[in-house]
Every structure is written in structure tokens, then in C-alpha cells.
Amino acid sequence: MAGDLYGLIAAVLQAMTHAELSEAPQRITGLVVPTADGFSKRQRIELALAKLGA
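Think of each chain on its own: its residues are numbered from 1, step by step along the sequence as written. Only residues with pLDDT of at least 70 are given local features in this predicted model, and only at 80 or more are side-chain atom pairs given and counted; all residues enter the totals for whole chains, interfaces and linings. Side-chain calculation: all heavy atoms of the structure are included, whereas hydrogens and water are not.

1. Points about the pattern of salt bridges
Note the following rule: Salt bridge, as used here, is a side-chain nitrogen of Lys or Arg placed within 4 Å of a carboxyl oxygen of Asp or Glu. For the purposes of this entry, the term helix denotes a DSSP run of H or I that reaches at least four residues, the term strand denotes a run of E that reaches at least two, and both are numbered from the N terminus. Burial classes follow relative accessibility: with a 1.4 Å probe on protein chains only, a residue under 20% of its type's maximum area counts as buried, one over 50% as exposed, and anything between as partly exposed.
Across all of its chains, the model carries two salt bridges by this definition. Residues Glu23 and Arg27 are paired through a salt bridge, measuring 3.6 Å at the closest nitrogen-oxygen approach. Residue Glu23 and its partner Arg27 are both found in helix α2 (residues 18–29); the two are separated by four residues, about one turn of the helix. Two residues, Arg42 and Glu46, come together in a salt bridge whose shortest N-O distance is 3.2 Å. Taken together, the residues Arg42 and Glu46, both in helix α3 (residues 41–50) and four residues apart, mark about one turn of the helix. Using a relative accessible area of 37% as the deciding quantity, one classes Glu46 as partly exposed.

Take a look at the structure:
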């Protein structure tokens, strides 16, 4: 179940632009997606979801 939830959240986040990732998840759910120069969206999303214990 946790894997399914991780995949669903990751898919929603992946559809966002870098700019949206910096604002929308935190505004909507309190999920902070770290900003780091040179990181791909996938790397940023993995860092954010790793904190959830996925």
C-alpha cells in the first residue's frame, strides 16, 4: 500500500514544473520539496518523499 501511495504522489508531483514544485505541494499539503541547483525534478521529489518514510 505504501508503495502505491508513493507512486501516486510521485506521479502528481512529476507533472509539475520546477517552479510549481517549490510552492504548490507546501501550500496544499505542507510537503516541502527541496530546491537545489542542478537537481532534477525526480531527485527533488525523491528527497521530499524520503522524509515521509516511503
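Text resumes after the structure shown.
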